[in-house]
Structure formats: C-alpha cells, structure tokens
Amino acid sequence: MAAPLKYGLLGWPVKHSVSPQMHGAGFRALGLDATYELVPIEPENFDLRIPQLVTEGFRGWNITIPHKGAMFAHLDQVDPVARQAESVNTVCNRDGRLHGYSTDGYGLERALSEAFGIDIAGGTFIFWGTGGATRATATHFVHHGAARLVLVNRTVEKAVTLAGALREFAPKCEVSTYAPTDGLLPDAVAEAPTIIQATSVGMDGETLAIPTGFLTPGRNVMDMIYRKTPLLQAAEAAGCRVADGRAMLLYQGVKSFEIWTDQAAPVEVMRQALEEALQPR
Ligand code: NAP
C-alpha cells in the first residue's frame, strides 16, 4: 500500500495553528490519503531540516514565523509575487524540485470579496500596519491592479520602505504613507472606503488598533486577527461593515491546498473545520 501523502506547517513555535484540522478535513472530504502535521523547527536547524523533509517524502508545506524568508535559499522556483514580497508561505515539492508561493494575498482578496463584495482591481485600500502580512498582501494587490494604497504605520520609515518597493513593482499604483498621527491622514482615509487592520494590536482583547475617529458609518473594516477584536466591536457600533481574519486564513489555506493537490478545495468543509478548531475551549 502506498504511504500517505505528507504535508505540514513549518515554524517555531507552531503549536497554536489550526491548519492541521483545516487541511485534514479537506483531504478527507476529497478521499485523499494525506496527512498534515505540525513541524516545529528551531531556526538554527532550518537549513539542515529542509532536505530531510524532502527525503522523508513531504509533498508540500506551509511556512510561518520565523522561516518565511529563510525558505528562499532552498527553492528551485519562486512565484514572482512571492519573490517581490520576500515571503513564501507555501512550498510544493514536484519531483524533488521545490516551488515557492505566497497565498496570503489571495486569502485577503477572497475574504474582502466575500465580506464586502469588493474587488482589488481599481480599488483603494488602507493598510494599517506594514509588517510581513501587509508586505505579502499589498504586493498581491498591486500585482492585481489596485489603483491606490494608503500605508499607515507606527514606525513610518517601514511604511516608506514598503511603498518604495511596491512602486517599483507596480508603477501605476499610487502608494502614500502616513504615521497614525499625521495631520493629513484623515483626508486620505476619508477618500478610501476600506481599512485593513494588519498590526498585531488587539490580540490581547483590550487595545483598539485604530482611533475611533476613522471608523465612519458605511466604511469596510477588516481585521486580520482571527476573532472579533475591540476594533471590530467599535467599528460595528459606529456603523461600519466588519469582518475578522478567519476568511483570510481559510482562503490562504484553500490556495495552498489547490497548489498541492491540483484539485478544487472543498471550501465549506475546510471553513467548518477551521471554525470548530478556533472555538474557545
Ligand atoms: P509583523 O511583521 O510582526 O508586523 C507587526 C505590525 O504591527 C507592524 O506594522 C508593527 O508596527 C505593528 N505593531 C505592533 N505592535 C504595535 C503597537 N503597539 N502599536 C502600533 N503598531 C504596532 O506581523 P505580521 O506578520 O505582519 O502580522 C500582523 C497581524 O496580522 C498579526 O495579528 C497576525 O496574526 C495577522 N495575520 C493574519 C493572517 C490571516 O490569515 N488572517 C495572516 C498573516 C497575519 P511597527 O513597524 O511600528 O513595529
């Protein structure tokens, strides 16, 4: 009997991930004999471990903090958007050759479409926070025809650096940068219907990531964090349309699943497994 196809999540630490439940349910729904396991790898062992995974028969994997950058040195082929974003979260092992992709941008694209019915092409988006998640997703957005991005970050220099990279990659997209306290920011926000909260603020359940003055009625507010944060509660109370980060998590996984299996992912089965795994215990 053939051994099960092996997939996994590489990170350090990785014990809080719900990806095994989500992908496991997807494999079962399609009748695939496949496993998805957590693969904790200490940073100092990363370069040694990757060839071992290939030898052990892993057909693909996801990568999370802190390994998204270190993966590049091991790839035979890299998707151009992932290369530009300097971030690979999905690897597919095709006959021993490792192909790298970034699926977070697709995840955010589908999540915005599902929650608010909006498309990337021609759109204006505010990214509040310019860490790794924004770098990956904003690169996808400019690649897919976003007209304008407003980047806001506490450390404004990081927003400026990212804006430079995005302009070089997609000169037609207008990219502007602000510190949260910039006096010109309210005018820029007023012209953009959608805010994407992409800082880690709010995970503690207390802090508001974005001042309430920006939460005007009718605005779309998506928080990349997987649950209803104080920001989303305040935005909802102010009459905004709101969505948390679960659909983004789902669709980045859906894209990885489809890259590995070459089959349409059973989205609703994976969504239900993810929802169950995220229930507070
Ligand atoms: P990261 O690279 O560590 O970036 C963190 C960002 O948060 C930076 O912009 C940082 O600003 C900002 N920040 C941190 N503490 C802050 C504070 N006290 N006040 C203001 N800004 C603060 O993290 P990341 O990978 O981009 O992830 C960002 C968030 O997105 C996390 O909550 C993560 O869980 C979530 N995420 C969700 C998904 C999904 O599928 N839904 C996928 C990826 C990430 P500075 O530059 O000034 O430090």
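### Examining unusual backbone geometry
- Omega for the bond connecting Trp 12 with Pro 13 falls within 30 degrees of zero, at 0°, which places this linkage in the cis form.
- Mapped onto the elements, Pro 13 comes out in the loop between β1 (5–11) and α1 (19–29).
- Residues Ile 65 and Pro 66 are joined by a peptide bond in cis, for which omega reads 5°.
- Residue position: Pro 66 is located in the loop between β3 (58–63) and β4 (77–78).
- Positive phi values are uncommon outside glycine, yet Asp 262 reaches one of about 60°.
- By the element assignment, Asp 262 lies in the loop between α9 (246–261) and α10 (267–278).
- Looking at Asp 262, the relative accessible area reads 71%, which means it is exposed.

### Examining the nonpolar core
- Counting 49 residues, the largest nonpolar core has Leu 108, Phe 127, Phe 141, Leu 149 and Leu 151 as the members making the most contacts within it.
- Ranked by the residues each element gives to this core, the list is headed by α9, at nine residues.
- Counting the residues that make up this core, at least three belong to each of domain 1 (5–102 + 247–278) and domain 2 (105–244).
- Each residue touching Leu 108, except ones within four places of it in the same chain, is listed here: Phe 127, Thr 137, Phe 141, Ile 196, Met 222, Met 224 and Met 248.
- Listed in part, the 19 residues of the second largest apolar core include Val 150, Phe 214, Leu 231 and Leu 232.

### Some details on the sheet that holds strand β5 (residues 90–94)
- Reading across from one edge, β2-β1-β3-β5-β6-β4 is the order of the six strands in this open sheet, with mixed pairing throughout. Looking at which strands have only one partner, the edges of the open sheet turn out to be β2 (34–40) and β4.
- Sheet topology note: the β1/β3 ladder contains five bridges and is parallel. Bridging from a neighbouring strand, Tyr 7 pairs with Gly 60 of β3.

### As for the domain arrangement of the chain
- Under the domain assignment, the chain is made up of domain 1 (5–102 + 247–278) and domain 2 (105–244).
- Put simply, the middle of domain 1 and the middle of domain 2, counted by C-alpha atoms, are 26 Å apart.
- The three residues of domain 1 that bury the most area against domain 2 are Gln 84, Met 248 and Tyr 251, which together make up 43% of that side's buried surface.
- Between the two partners, domain 1 and domain 2, sit two salt bridges.
- The partner of Glu 86 in a salt bridge is Arg 135, and the shortest N-O contact between them spans 3.6 Å.
- Joining domain 1 to domain 2, the criterion identifies five residue pairs in polar contact (both at pLDDT 80 or more).

### Looking at the site of the ligand
- Among the 20 residues in the neighbourhood of the ligand, the closest are listed as Gly 132, Ala 133, Asn 153, Arg 154 and Thr 155.
- Within the contact set of the ligand, an oxygen atom lies 3.5 Å away from a backbone nitrogen or oxygen of Gly 131.
- Residue Gly 132 places a main-chain N or O atom 2.8 Å away from an oxygen atom belonging to the ligand.
- For the ligand, whose accessible area on its own is 920 Å², the fraction buried by protein is 73%.
- When contributions to the shell around the ligand are tallied by element, the ones reaching two or more residues are α5 (132–143) and α9.
- For the shell around the ligand, the class distribution of residues is nine nonpolar, nine polar and two charged.

Each value, and the rule that gives it
Residues numbered from 1 in each chain as written. Predicted model: local features only at pLDDT ≥ 70, side-chain atom pairs only at ≥ 80, totals over all residues. Heavy atoms only, no water. Helix = DSSP H or I, 4+ residues; strand = E, 2+ residues; numbered from the N terminus. Buried < 20%, exposed > 50% of the residue type's maximum accessible area, 1.4 Å probe, protein only. Core = buried A, V, L, I, M, F, W, Y, C linked by side-chain atoms within 4.5 Å. Domains from an automatic or database assignment. Contact = heavy atoms within 4.5 Å. Pairing = 2+ DSSP bridges. Buried area = accessible area lost by both parts, 1.4 Å probe. Salt bridge = Lys/Arg side-chain N within 4 Å of Asp/Glu carboxyl O. Polar contact = N/O pair within 3.5 Å; in protein donor to acceptor, adjacent residues only side chain to side chain. Near = heavy atom within 4 Å. Areas by Shrake-Rupley, 256 points an atom, 1.4 Å probe, with all protein chains shown as cover. Nonpolar A, V, L, I, M, F, W, Y, C, P; charged D, E, K, R; others polar.

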